[in-house]
Amino acid sequence: SDLDAWHTDPNDPGPFWFPVHAMHLLGAIGDPAAAEALLVPLSDAESDEFRTEDGPGVLAHLGPGAIPTLRAFALEHLEDGDDIAVALVVAGLIGISMLHPDHADAGVTAAREVVAGCHERGLPVPALVALGLARVGTTEDHALLRETFDGDEWSDYMVARWEDVE
């Protein structure tokens with residue numbers, strides 16, 4: 001969780017790569033206790049492609065034991081306006097659902113809670129959360145998402161049209 005190392009030059013063979021390899025190693029070990037340490041770089045405002053592209057998969061490999069920590073993080077960070085961190089964590093939860101069929105509803109439930117939390121607080125729904133929920137949700141979820149898009153209650157970061165979700 002040393003953010004200074006994340007902000008070094010990726011062309012330098014040393015410091016930048018240490019946390020990237022550590023992140024992947026923690027995911028491979030699969031200990032849910034690593035969730036809190038992995039959330040620090042994922043919520044850094046200066047995210048890079050390794051955190052944003054690899055983060056959800058790494059979180060997914062922490063397994064069902066990480067669900068409470070990840071869910072709490074997503075719900076707590078709704079008001080920060082950090083759509084990317086919330087979306088990455090929800091994608092990790094959905095990944096846990098996919099890797100562990102006995103916990104298949106966990107990611108969908110967390111995504112629903114994030115959408116509901118946004119509605120309750122009058123905040124826009126992170127578009128990447130909407131995409132994740134659209135991928136694995138039910139017909140009722142699609143109706144909720146359609147209502148969200150029609151009401152212009154979503155963040156258009158990376159998604160500009162309903163057709164992107166549909």
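The structure reproduced in this document is the subject of the present report. Note that this is a predicted model, so its numbers are computed, not measured.

**Overview of the side chain of H77**
Considering the arrangement of structural elements, one finds H77 in the loop between α5 (67–76) and α6 (83–99). Excluding its chain neighbours within four sequence positions, the residues that come into contact with H77 are D82 and V86.

**Observations concerning the nonpolar core**
Burial of nonpolar side chains together is a common tendency in soluble globular proteins. Judged by nonpolar contacts, the single largest core of 40 residues is most densely connected at L70, V89, V90, V114 and V129. Those elements that place two or more of their residues in this core are α3 (35–42), α4 (49–60), α5, α6, α7 (105–121), α8 (127–136) and α9 (139–150). Those residues in contact with V90 that sit more than four places away from it in its chain are A74, A111, V114 and V129.

**A closer look at the packing of α8 against α9**
The N-to-C vectors of α8 and α9 enclose an angle of 155 degrees; their axes lie 9 Å apart at closest approach. One element, α8, and the other, α9, form an angle in the roughly antiparallel class. Crossing hand, α8 versus α9: left-handed. Where α8 approaches α9, its residues A130, L133 and A134 are matched on the opposing element by D141, H142, L145 and F149. Taken together, the residues of the contact of α8 with α9 break down into 5 nonpolar, 1 polar and 1 charged.

The rules we used
- Residues numbered from 1 in each chain as written.
- Predicted model: local features only at pLDDT ≥ 70, side-chain atom pairs only at ≥ 80, totals over all residues.
- Heavy atoms only, no water.
- Helix = DSSP H or I, 4+ residues; strand = E, 2+ residues; numbered from the N terminus.
- Contact = heavy atoms within 4.5 Å.
- Core = buried A, V, L, I, M, F, W, Y, C linked by side-chain atoms within 4.5 Å.
- Buried < 20%, exposed > 50% of the residue type's maximum accessible area, 1.4 Å probe, protein only.
- Axes fitted to C-alpha atoms, helices over the stretch in contact; angles between N-to-C directions.
- Parallel < 35°, antiparallel > 145°, perpendicular 65-115°, else oblique.
- Left-handed = near helix turned anticlockwise from the far one by under 90°.
- Nonpolar A, V, L, I, M, F, W, Y, C, P; charged D, E, K, R; others polar.

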